[in-house]
Amino acid sequence: MAKLYTKKKFAVENLKPKKETISFILNYSKALSIHKIGNSNFQIIAN
Amino acid sequence: MANLVFPDAILVKNYISGDESALTSLIERHQSKIYGFIYSKVNDRDLSDDIFQDTFIKVINTLKTKSYNEEGKFLPWVMRIAHNLVVDHYRKSNKMPFNRETEEYSIFNYMSDNAPTIESKMITDQVEADLTRLLDELPEDQKEVLIMRMYQDLSFKEISELTGVSINTALGRMRYAVINLRKIIEKNQIILTN
């Protein structure tokens, strides 16, 4: 086989996370509320 | 989305004030870089998704507890979290089992070094540099097609669209580029090998 002398310097693979992952993160963010009482933080995740 | 024009700092501020769409914009803006960074370290799509998810859970928790100190460095901060999670993953998954060397077992029976030596790396660099110089000898249209095909990994269809010529013309230019390169190499008695 012929030798390849080139490097694919500029080939960029555009990787992105799955839609489910993004959706999970956004839903988690919407569900989470954090309340600071005194020195403690209370996390509440709404279903 | 209007959010896309705001700088990160404003989006972070809006998110902390309760604007959930700001987080969507931040993720949309930086997902490729962060995910690409994680994937480059772990080489596994599912694992990258997990680490990406954990990274943003930490980001969300920090932002919602209002303990994030905005210094205009949102992306480097998220990348640092992702990096730490990758390191944690490798620590947990015990990727380096321990074997003590005995008379029957020697690590050197199993290990071989396939990495290029400094010499072969220098030769490769030299060959690539020589080739780049040879490309400058080609007519501009042929050089353009060859660079797009071999260095940028574009298809002939993409090349034809970008240069505004037919696929057959692009193929022809590639063919003449290779023929001309061979002629230059023969004429100057250059040896490209490693």
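Above this text is the structure in question.
Bear in mind that the values here come from a model prediction, so they are computed numbers and not experimental data. Counting starts from 1 at the beginning of each chain's written sequence and moves along it residue by residue. Chain letters and ligand numbers both follow the written order, the letters beginning at A and the numbers at 1. Totals for whole chains, interfaces and linings use all residues, but because this is a predicted model, local features are given only for residues with pLDDT of at least 70 and pairs of side-chain atoms are given and counted only at 80 or more.

**Notes on helix α1 (residues 8–16) of chain B**
Because each turn of an α-helix spans 3.6 residues, side chains separated by three or four positions end up pointing in the same direction. All names here are of chain B. For the exposure call, what matters is how many other C-beta atoms sit within 10 Å of a residue's own: 20 or more marks it buried, 12 or fewer exposed, and in between partly exposed, using C-beta atoms placed from the backbone. Here a strand is any run of E in DSSP of at least two residues, a helix any run of H or I of at least four, and the numbering for each starts at the N terminus. Buried within α1 are the following residues: L11, V12 and Y15. With its buried residues spanning 100 degrees around the axis, α1 presents them on a single face. By the criterion used throughout, residues are in contact when their C-beta atoms, derived from the backbone, lie within 7 Å. Buried residues along α1 sit against α2 (20–42), α3 (45–64) and α4 (74–92). Positive phi shows up at G18, right after α1, with a value of about 115 degrees. The arc in question is traced by the directions running from the helix axis to the C-beta atoms.

**Considerations on the interface of chain B and chain A**
Tallying the contact residues gives 25 residues for chain B and 23 residues for chain A. When residues of the side of chain B that touches chain A are traced back to their parent elements, those giving at least two are α2, α3, α6 (118–135) and α7 (140–151) of chain B. Ranked by residues supplied to the side of chain B that touches chain A, first place goes to α2 of chain B with nine residues. Residue classes follow a fixed rule: Ala, Val, Leu, Ile, Met, Phe, Trp, Tyr, Cys and Pro count as nonpolar, while Asp, Glu, Lys and Arg count as charged, and any other residue, Gly among them, counts as polar. Residue classes in the side of chain B that touches chain A are distributed as 13 nonpolar, seven polar and five charged.

**Here we look at helix α1 (residues 19–31) of chain A**
Taking 1.5 Å as the rise per residue, α1 of chain A with 13 residues should run 18 Å; its terminal C-alpha atoms sit 18 Å apart, in good agreement. Looking at α1 of chain A, one finds that the buried residues are T21, I25 and S29 of chain A. Each buried residue of α1 of chain A lies within a common arc of 70 degrees when the element is viewed along its axis, so the set occupies one face. Looking at α1 of chain A, the residues exposed on the side facing more than 90 degrees away from the buried face are K19, E20, S23, N27, K30 and A31 of chain A. Next to the buried residues of α1 of chain A lie β1 (32–37) of chain A together with α2 and α3 of chain B. In a helix, the anticipated span is given by 1.5 Å times the number of residues less one.

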